[in-house]
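Residue strings, one per chain:
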Amino acid sequence: MANTTNPGLEGVMVADTRISDVDGERGRLVIAGADVEQLAAVTPFEGAVGRVLAAGGVDPPAPAAIGAARGAAWELVPRLGDALHLLDGMDALRTALGHLRASGNDAADAVAAIGAAPVFVAAWSRRRAGHAPVAPDPALGHAADYLRMTIGRTPDDGCVRALDAYMVTVIDHAMSASTFTARVIASTQSDLISSVIGGVCALKGPLHGGAPGPVLDMFDAIGAPGNAEAWLLGELAAGRRIMGMGHRVYRVRDPRAAVLEEAVRPLHSPRLELARAVENAAAKILHERKPDRSLAANVEFYTAVLLDAVGLPREQFAPTFAVSRIAGWSAHVIEQHRTGRLIRPASAYVGPMP
Ligand code: COA
């Protein structure tokens, strides 16, 4: 009987996957055969969706099918209830996704979920701000329509490009906690919609996707580059972690940080310079504290700068991560359904015996 535990499951291989690969030593992320830098520079979100779903094992959907799915989800918005906006964004998203009925056809369910997520998140965000939800325009690009439904007007092209690059960059990331969660659910032969709702629930936590809002709070609290070091030392002295720094897999700077730093540059955000100063100070301090453990910026650091610069409120940062990652989860669920085995690990009983 196994009696040693590995509570974080580091290094445990639970699936063969064609969807993405993270090389934590070199800082390389490959998504369905392309480096993240290349994919984010040239491919709109719909193209990246096609790639990950094809890698998962189904035909890539036409962009028009994703637009039509946004239109179909809009029909459900009146049924989401008047109290939706009182929930946290991630709770609102998982609740709203529960209104989708799984057909059992994974390819169709994936498109329905990918199309619905931005419609539900934007409707939640609008209601929260005291505005009426805005209907999708199925003819627009996914990122453009998501931004338009949130801000209630045609967005600036530069903001759409930056948001599109963000959504491509975070579409998949190998066996993240939320992806593992979705795959565990799928491994029981549960349906795709249930599996991706599980992904939303896992992504919500601050150690995973909940960090970018707090990263922006940190920039606000620091205010100016000269305050960074003292503020960061105060956080560590209080026993708190620096949000947006460190990663379970990367031993170097998360490659997505560079992609997002580049994507936000044309928007001339006043926060970019501060973010760079805070990153440098945090890396230096964490290196002094933990010289054996490289703790560098992760994806959430520049996510905060980018999503703020395109005009999304910070409460919408984690749900926006989900609006993209739902495509990666869907691809993994499809792959799990096609090739996987029931995931059922073991535990070491340390309680008393009768
Ligand atoms: N700030 C301060 N200390 C940190 C840290 C951070 N951001 N990240 C890691 N550490 C410390 C840990 O406390 C640990 O110290 P200890 O050995 O004295 O307990 C040490 O560095 C090694 O941690 P590690 O095992 O590498 O971390 P992990 O794999 O458990 O955690 C994260 C990875 C991402 C959860 C962690 O780095 C973190 O909490 N980051 C902040 C939250 C965040 O940005 N999340 C988004 C992830 S994409």
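Residues numbered from 1 in each chain as written. Predicted model: local features only at pLDDT ≥ 70, side-chain atom pairs only at ≥ 80, totals over all residues. Heavy atoms only, no water.

Draft legend 1. Broad picture of the site of the ligand. Close to the ligand lie 19 residues, the nearest being Ile242, Gly244, Met245, Arg248 and Arg293. In the model, an oxygen atom of the ligand is placed 2.6 Å from a nitrogen or oxygen of the Arg248 side chain. Protein chains bury 74% of the 860 Å² of accessible surface belonging to the ligand in isolation. The class makeup of the residues in the shell around the ligand is nine nonpolar, five polar and five charged. (Near = heavy atom within 4 Å. Polar contact = N/O pair within 3.5 Å; in protein donor to acceptor, adjacent residues only side chain to side chain. Areas by Shrake-Rupley, 256 points an atom, 1.4 Å probe, with all protein chains shown as cover. Nonpolar A, V, L, I, M, F, W, Y, C, P; charged D, E, K, R; others polar.)

Draft legend 2. View of the environment of Pro61. Here Pro61 is to be found in the loop between α2 (45-56) and α3 (63-74). Judged by relative accessible area, Pro61 falls into the buried class, the value being 14%. Each C-alpha atom, one on Pro61 and one on Glu46, is 8.4 Å from the other, the two residues being 15 residues apart in sequence. (Helix = DSSP H or I, 4+ residues; strand = E, 2+ residues; numbered from the N terminus. Buried < 20%, exposed > 50% of the residue type's maximum accessible area, 1.4 Å probe, protein only.)

Draft legend 3. Broad picture of the sheet that holds strand β1 (residues 20-23). Pairing within the open sheet is antiparallel, and its three strands lie in the order β1-β2-β3. Here the strands that pair on one side only, and so sit at the sheet edges, are β1 and β3 (34-35). For strand β2 (residues 28-31) and β3, the ladder comprises two bridges, and the chain directions are antiparallel. Counted as the bridge partner of Ile31 is Ala34 from β3. (Pairing = 2+ DSSP bridges.)

Draft legend 4. Spatial organisation of the packing of aromatic side chains. Per the stated rule, a full pass over the model turns up two aromatic pairs. Look at Phe219 and Phe301: their rings are 5.4 Å apart centre to centre, the planes differ by 75°, and that puts the pair in the edge-to-face class. Of this pair, Phe219 sits in helix α10 (residues 212-222) while Phe301 sits in helix α14 (residues 299-309), and the two are 82 residues apart along the sequence. Residue Phe301 is classed as buried on the basis of its relative accessible area, which comes to 0%. With a centroid separation of 5.4 Å and 55° between ring planes, the pair formed by Phe301 and Tyr302 is classed as tilted. Like Phe301, the residue Tyr302 is buried in the burial classification. Ring-pair connections join several aromatic residues into one group, and the members of that group are Phe219, Phe301 and Tyr302. (Phe/Tyr/Trp six-rings, centres within 6.5 Å; stacked < 30°, edge-to-face > 60°.)

Draft legend 5. The arrangement of the pairing of β1 in detail. Summarising the sheet, β1 and β2 pair through four bridges and their orientation is antiparallel. Pairing of Asp21 across the sheet is with Val30, part of β2. The antiparallel hairpin formed by β1 and β2 contains four residues in its connecting segment, where Gly27 sits at a positive phi of about 75°.

Draft legend 6. Here's a closer look at the pairing of β2. Burial along β2 is one-sided: Leu29 and Ile31 are buried, while Arg28 and Val30, pointing the other way, are not. From the end of β2 to the start of β3, which pair antiparallel, there are two residues, and Ala32 there has a positive phi angle of about 45°.

Draft legend 7. Inspection of α3 at higher detail. Over its twelve residues, α3 runs 17 Å from end to end, which matches the ideal 16 Å to within 8%, given 1.5 Å per residue. Along its buried surface, α3 packs onto α2, α5 (106-128) and α6 (142-151). (Expected span 1.5 Å × (residues − 1). Contact = heavy atoms within 4.5 Å.)

Draft legend 8. Quick peek at helix α4 (residues 89-97). Across the nine residues that make up α4, a large majority, seven, are buried. Among the residues making up α4, those that are buried are Gly89, Met90, Asp91, Ala92, Leu93, Ala96 and Leu97. Contacts from the buried residues of α4 go to α5, α9 (192-203) and α15 (317-339). At the N-terminal end of α4, a side-chain oxygen is found 2.9 Å from the backbone nitrogen of Met90, two or three residues along, and the residue is Asp88.

Draft legend 9. Just the packing of α10 against helix α13 (residues 271-289), in detail. Where α10 meets α13, the axes come as close as 11 Å, and the angle between the chain directions of the two elements is 95°. It follows from the interaxial angle that α10 and α13 lie roughly perpendicular. Facing α10, whose interface residues are Leu216, Met218, Phe219, Asp220 and Ile222, α13 presents Arg271, Leu274, Ala275 and Val278. Here the residues of the contact of α10 with α13 sort into seven nonpolar, no polar and two charged. (Axes fitted to C-alpha atoms, helices over the stretch in contact; angles between N-to-C directions. Parallel < 35°, antiparallel > 145°, perpendicular 65-115°, else oblique.)

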